[in-house]
Amino acid sequence: LVPLLVSGALLPAPQNITILSTNMKHFLVWSPLTVPGEAVKYSIEFQGEYERDYANDSWIPIGECTDISATQCDITEDISATVPYNLRVRAAQGTEVSRWATLNGLFNRVTTSLIPPMLTVMADGYHLLVELEHLGPAFEFLVLYWRKGQENQVYEKVVRDSNTTVHLETMEAGAEYCVKAQTYVEAINRSSNFSQVQCVKAAD
Amino acid sequence: LKQLHFGHCVVSMDMYEIRKGFGEIKEMTQAQDQYTSIRLLHRSYSLQDTKTEDRCCFFHYLLKFYLANVFNQCQANSNFHQRRVSRIANNFLSIKKELTLCDTVTTCPCGKEAIHRYEQILSRFERMESHSAALKALGELDILLDWIDKTE
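Residues numbered from 1 in each chain as written. Chains lettered and ligands numbered in written order. Predicted model: local features only at pLDDT ≥ 70, side-chain atom pairs only at ≥ 80, totals over all residues. Heavy atoms only, no water.

Novice: What's the story with the overall build of chain A in this structure? I'm lost.
Specialist: Looking only at helices and strands, one finds one helix and 16 strands in chain A. Expected size for 204 residues packed as a compact globule is a radius of gyration near 17 Å; at 24 Å, chain A overshoots this value by more than 25%. Referenced to the eigenvectors of the C-alpha coordinate spread, the extents of chain A come out at roughly 80 × 40 × 25 Å. Among the 204 residues that make up chain A, the fraction classed as buried is 46%. By sequence separation, contacts in chain A at least 24 residues apart represent 64% of the contacts at least 6 residues apart. Only carbon and sulfur atoms are counted for the fraction: they give 50% of the accessible area of chain A, which is about 10200 Å². Across chain A, the centroid of the 14 positively charged side chains sits 4 Å from that of the 24 negatively charged ones. (Helix = DSSP H or I, 4+ residues; strand = E, 2+ residues; numbered from the N terminus. Rg over C-alpha atoms; globule rule 2.2 N^0.38 Å. Buried < 20%, exposed > 50% of the residue type's maximum accessible area, 1.4 Å probe, protein only. Contact = heavy atoms within 4.5 Å. Areas by Shrake-Rupley, 256 points an atom, 1.4 Å probe, with all protein chains shown as cover. Lys, Arg positive; Asp, Glu negative; His and termini not counted. Charge placed at Lys NZ, Arg CZ, Asp CG, Glu CD.)

This is the structure in structure tokens:
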């Protein structure tokens, strides 16, 4: 439902405000205002639990999300603690400003959706290697690997730096090895599901 | 995360977020400190040298001190500064909430030493003009973070 402005009426507040949070990246999203005349700009403010409890319920503007035309903005930088946050958006057209529209309910980053990581498994001669998706400093990876046919003997490796190729194992000639991985975010003490299994074969 | 063990209590601190936030305002904050001869977080009251049984309480006092007396006095600066202070403050609040949970199961006793050390800091703070004192305390956050890092 997109609000339509009747001329002379106050600029309506943005609607359908939601948070899209995946892998600890948080975006605030809302519906565009359809109003005749000048372009509509939007501004976001946030309020952590600290601001509510200790700083007179104050709100803090997000510089990068002030007077923007887009109807979404990356607020990750300011959702920087595992506490509930309040968020609000308002519209402006020329000198006219709408009411603030507040996100329905508080947002805590502990609820972010953790997606199984992308990985690339390689056999370099007899070396079992894996490359992991780079997701930022908040992420660790649990990598499980085993020799095909010996599923009861699974090995694991915790990877904190996903910038480099990881050497997992020196393989038996001609044998096939399989790998899967999941992410872990210590700040919220949660893990993703495991990725798809990928298998490669060692040189003969 | 840095994990602090106080008896049965384990409190985790996102040092990365806090140091990142502080690192971005440290220079401008310390540059505004007019009382360079005064130090609030004096080495003689350091957390790591506090008796183990008193550390939890002393640490709890320090968290409450920063939350109640320091951060809200330092909000007025630029939006850039305000957002960094908010990052630090909300992380402190998150830690304090964890510690408060521990406190309810009395694993955070307050002995004389903890109270004495905190009172030393508070009395120095209260002798200064409030905004300047808050600015100094904020500028000394790296001392506190180092204390925490050194606390086993």
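More follows now that the structure is in view.
Novice: What should I look at first to understand the sheet that holds strand β13 (residues 166–170) of chain A in this one?
Specialist: Two strands in a sheet stick together by hydrogen bonds in their backbones, pointing the same way (parallel) or opposite ways (antiparallel). All names here are of chain A. With antiparallel pairing, three strands are arranged side by side in an open sheet as β9-β10-β13. The open sheet has two edge strands with one neighbour each: β9 (119–124) and β13. If you compare each strand with its neighbour and ignore which way they point, the axes differ by 25 degrees on average. (Pairing = 2+ DSSP bridges. Axes fitted to C-alpha atoms, helices over the stretch in contact; angles between N-to-C directions.)

Novice: Sorry if this is basic, but what is going on with the pairing of strand β1 (residues 18–22) of chain A here?
Specialist: It is a general feature of regular strands that their side chains alternate between the two faces of the sheet. Residues and elements named next belong to chain A. Burial along β1 is one-sided: the residues Ile 19 and Ser 21 are buried and none of Thr 18, Leu 20 and Thr 22 is. The pairing of β1 with strand β2 (residues 25–29) spans five bridges and is classified as antiparallel. Looking across to β2, one finds that Ile 19 is bridged to Leu 28. The loop that links β1 with its antiparallel partner β2 comprises two residues; one of these, Asn 23, has a positive phi angle of about 50 degrees.

Novice: Just checking my understanding: could you explain the packing of helix α3 (residues 52–70) of chain B against helix α6 (residues 130–139) of chain B for this structure?
Specialist: When two helices pack together, their arrangement is captured by the angle between the axes and the distance separating the axes. Residues and elements named next belong to chain B. Axis separation between α3 and α6 bottoms out at 10 Å; the angle between their running directions is 140 degrees. With respect to α6, the element α3 is oriented oblique. Helix-helix and strand crossings are classified by hand; for α3 and α6 the assignment is left-handed. Residue-level contacts link Phe 65, Tyr 66, Asn 69 and Val 70 of α3 to Ala 134, Ala 137 and Leu 138 of α6. (Parallel < 35°, antiparallel > 145°, perpendicular 65-115°, else oblique. Left-handed = near helix turned anticlockwise from the far one by under 90°.)

Novice: What exactly am I supposed to notice about the nonpolar core here?
Specialist: Side chains of nonpolar character tend, in soluble globular proteins, to be buried together. By size, the foremost hydrophobic cluster in this structure holds 53 residues, and its most contacted members are Phe 59, Tyr 66, Phe 71 and Phe 92 of chain B. Contributions of two or more residues to this core are made by β1 (2–6), β2 (9–13), α1 (15–23), α3, α4 (79–103), α5 (112–126), α6 and α7 (141–150) of chain B. Of all the elements, α3 of chain B adds the most residues to this core, at ten residues. One finds Ile 19, Val 35, Val 40 and Tyr 85 of chain A within the second-largest nonpolar core, a separate group that totals 28 residues. (Core = buried A, V, L, I, M, F, W, Y, C linked by side-chain atoms within 4.5 Å.)

Distances and angles like these do not, on their own, reveal function.
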